[in-house]
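Residues per chain, in single letters:
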Amino acid sequence: MKRIAIFYCKKIKDHTCIACTYCFKGVKEKAGEFAQHGEEIEIAAMTDCGDCPGLLVPRANMVAGHVARVIGEVDAIHLGTCIKMAYEHGNCPMDLDEVKLKLEKKLEKPVIIGTHPY
Ligand code: SF4
Ligand code: SF4
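Along each chain, residue indices are assigned from 1 in the same order as the chain's sequence is written. Labels are handed out in written order, letters beginning with A for the chains and numbers beginning with 1 for the ligands. Per-residue local features of the predicted model are confined to residues with pLDDT of at least 70, and side-chain atom pairs are confined, for both listing and counting, to 80 or more; whole-chain, interface and lining totals are unaffected and use all residues.

**Points about the nonpolar core**
Test applied: In this description, a nonpolar core means buried residues of the types Ala, Val, Leu, Ile, Met, Phe, Trp, Tyr and Cys, linked to one another by C-beta atoms lying within 7 Å. Buried, partly exposed and exposed are defined by the number of other C-beta atoms within 10 Å of a residue's own C-beta, namely 20 or more, between the two limits, and 12 or fewer respectively, with C-beta atoms placed from the backbone. To qualify as a helix, a DSSP run of H or I must reach at least 4 residues; to qualify as a strand, a run of E must reach at least 2; elements of each kind are numbered from the N terminus. Note on contacts: residues are paired as contacts if their backbone-placed C-beta atoms lie within 7 Å.
Judged by nonpolar contacts, the single largest core of 30 residues is most densely connected at Ala 5, Phe 7, Tyr 8, Ala 60, Ile 77 and Ile 83. Those elements giving two or more residues to this core turn out to be strand E1 (2-8), helix H1 (21-29), helix H2 (56-70), strand E3 (76-79), helix H3 (81-89) and helix H4 (96-107). For this core, the leading source of residues is E1, giving 5 residues. The residues touching Ala 5, leaving out its near neighbours within four places in the chain, are Ala 44, Ala 45, Val 63, Ala 64, Val 67, Val 74 and Ile 77.

**Re unusual backbone geometry**
The residue after Cys 52, namely Pro 53, is reached through a cis peptide bond having omega 10°. Note that Pro 53 resides in the loop between strand E2 (41-48) and H2. Within the chain, Asp 14 stands out as a residue other than glycine whose phi angle is a positive 75°. Inspection of the secondary structure puts Asp 14 in the loop between E1 and H1. Judged by C-beta crowding, with 11 C-beta atoms within 10 Å, Asp 14 ranks as exposed. Even without being glycine, Lys 30 reaches a positive phi, approximately 50°. Among the secondary structure elements, Lys 30 is positioned in the loop between H1 and E2.

All quantities given are derived from atomic positions and should not be read as evidence of function.
Right under this line is the structure:
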């Protein structure tokens, strides 16, 4: 079983993605970036990016530590398709490639950009 944490764009969730149903569907169907986990997926945490202007690195570090204490270490971090869309089309102030590198170094876990494909 792969235990994951998902981060969403605080500005997009519940506007274009109502109640994160797309990601729950994606996990169930192992679609999009979830396909790379070859086994059952457990969503241990789903929370926001920390809002603009881009507080994802300290926030993800804090969330990963909290999840580890309460549930157990996560195997991977996903940055939602919403964050990817915000970065590519919506003036998100974060540099996602840099965020990914920093988080992978800090947490020593894979950070996957994207989630569902719908
Ligand atoms: S892409 Fe996923 S995490 Fe982001 S708002 Fe949509 S359903 Fe939620
Ligand atoms: S635009 Fe970027 S920094 Fe702002 S809320 Fe969305 S993902 Fe977070």
